[in-house]
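A closer look at the structure
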Amino acid sequence: MSRNERQTISYLKKRFDQVGMAPDSRHGQNFLVDLNLVRMIADSADVQASDVVLEVGTGMGSLTAMLAEKAARVVTIEIDEHLHQLAREELEQYENVELLQLDALRNKNNFDDQVMEAVESALGKVPGGRFRLAANLPYNIATPVISNLLLWPVPPASMTVTIQKELADRIVAAPGTRDYGSLSVWIQCQCRASIVRLMPPSVFWPRPRVDSAIVHMELDPVLRQRMGDTHYFHQFVRTMFFHRRKFLRSVAISGFRDQLSKPEVDEVLQAMGLGPDARTEQLPVEELIRLGELFRAKLAGKS
């Protein structure tokens, strides 16, 4: 049976019936049944022969197989025990695929240690190999997966994912727009991000209630170096957008209330030329990086 036939709704239903299961909404199980779009994810990821690819959400393994044909190694994660077994049967011919059956996230802010260990082990077997993420991400974990991967000591060279369109809009949003927020800044301060393709609910089974998008994010090491302390800037951006409707001065005073006095906060804002009516969502990524570094220097001066 060709891979095209394996990704049809009828085939998926048949395989699920054989093991007595149905798609589980708790795990965000929406299967992409247009194989041309699955191939578009794989092609957009631009996987090379020396790459190690992480996939979160193996599903039935259709994308996994395409990645395995291009990459040195693929580490793929599936939380569902039954799906994991079905995928193992579908992918048995690929010796460069490591299937893990677990929840990729230990909690909202951290990956399970086994995920990082598996990726590091795979990279150790491929001298000079690059790390990439390519996945049809379950919607309920898409944000923490993307965000937390950029905190890893060795972040992915690229991330190519299928996600909810609303999230895609936030990733590529411009300053001053409704969708611009902490995630926009966190991605754009280190990646070149673009929407590859918008997708209607009809290309999935079961159909989600929202539109989706394929998004490609290419890491730019030069951009990333401007942050200084990655973990600090991640927390700084989240703090600055926590009360997005308030003026920036009020947010900063609240965010640094146990560390900086109001006059000290005002000194930083004055150095940036930011008046009392400035709001975080109006600031471009470059200005937020500079602002974050000024606050970090001010904090360092007090220690």
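Residues numbered from 1 in each chain as written. Predicted model: local features only at pLDDT ≥ 70, side-chain atom pairs only at ≥ 80, totals over all residues. Heavy atoms only, no water.

**Thoughts on the sheet that holds strand β9 (residues 191-199)**
- Spatial strand order, β4-β3-β2-β7-β8-β11-β9: 7 strands in an open sheet with mixed pairing. What marks the edges here is a single partner per strand, and that holds for β4 (97-101) and β9. Geometrically, the sheet is characterised by an average inter-axis angle of 20° between neighbouring strands, direction not taken into account. (Pairing = 2+ DSSP bridges. Helix = DSSP H or I, 4+ residues; strand = E, 2+ residues; numbered from the N terminus. Axes fitted to C-alpha atoms, helices over the stretch in contact; angles between N-to-C directions.)

**Section: helix α14 (residues 285-302)**
- The end-to-end C-alpha distance of α14, which contains 18 residues, comes to 26 Å, matching closely the 26 Å that a straight helix rising 1.5 Å per residue would cover.
- By the burial criterion, the buried members of α14 are Val 285, Leu 288, Ile 289, Leu 291, Gly 292, Phe 295 and Leu 299. The arc enclosing the buried residues of α14, seen along the axis, measures out at 165°, which places them on a common side.
- Where α14 is buried, its residues meet α9 (182-188), α11 (230-240), α12 (248-255) and α13 (262-272). (Expected span 1.5 Å × (residues − 1). Buried < 20%, exposed > 50% of the residue type's maximum accessible area, 1.4 Å probe, protein only. Arc of directions from axis to C-beta. Contact = heavy atoms within 4.5 Å.)

**Examining empty space enclosed by the protein**
- Considering all chains together, one arrives at 1 cavity of 30 Å³ or more under this definition.
- In this model, the largest cavity occupies a volume close to 50 Å³.
- Together, Gly 28, Asn 30, Asn 136, Leu 137, Pro 138, Tyr 139 and Phe 204 line the largest cavity.
- Classifying every residue of the lining of the largest cavity by side-chain character gives 4 nonpolar, 3 polar and no charged. (1 Å grid on protein atoms, 1.4 Å probe; cavity = no way out; pocket = protein on both sides within 12 Å on 5 of 7 lines; lining within 4 Å. Points joined across faces, edges and corners; volume = space filled by probe spheres on them. Nonpolar A, V, L, I, M, F, W, Y, C, P; charged D, E, K, R; others polar.)

**A short note on the pairing of strand β11 (residues 212-219)**
- Judged by how many residues are buried, β11 sits mostly within the fold: 7 of 8 residues are covered.
- Of the pairings in the sheet, the one linking strand β8 (residues 158-164) to β11 comprises 7 bridges and is antiparallel in character. Bridging from a neighbouring strand, Met 159 pairs with Met 217 of β11.
- Inspection of the sheet shows β9 paired to β11 by 8 bridges, in the antiparallel sense. By the bridge assignment for β11, Arg 197 is matched with Ile 214.

**Here's the deal with the pattern of salt bridges**
- For the coordinates displayed, the defined rule picks out 14 salt bridges.
- Ionic pairing is found between Glu 90 and Arg 15, a salt bridge with its closest N-O pair at 3.5 Å. Of this pair, Glu 90 sits in helix α5 (residues 81-90) while Arg 15 sits in helix α2 (residues 9-19), and the two are 75 residues apart along the sequence. (Salt bridge = Lys/Arg side-chain N within 4 Å of Asp/Glu carboxyl O.)

**Remarks on the side chain of Gln 29**
- Tracing the sequence through the fold places Gln 29 in the loop between α2 and β1 (31-32).
- Judged by its relative accessible area of 7%, Gln 29 falls in the buried class.
- A distance of 2.8 Å separates a polar side-chain atom of Gln 29 from the backbone nitrogen of Asp 24.
- Within the structure, the side chain of Gln 29 is placed 3.3 Å from the side chain of Asp 80, a separation counted as a polar contact.
- Apart from residues no more than four positions distant in its own chain, Gln 29 is found in contact with Met 21, Ala 22, Pro 23, Asp 24, Glu 78, Asp 80, Leu 83 and Pro 206. (Polar contact = N/O pair within 3.5 Å; in protein donor to acceptor, adjacent residues only side chain to side chain.)

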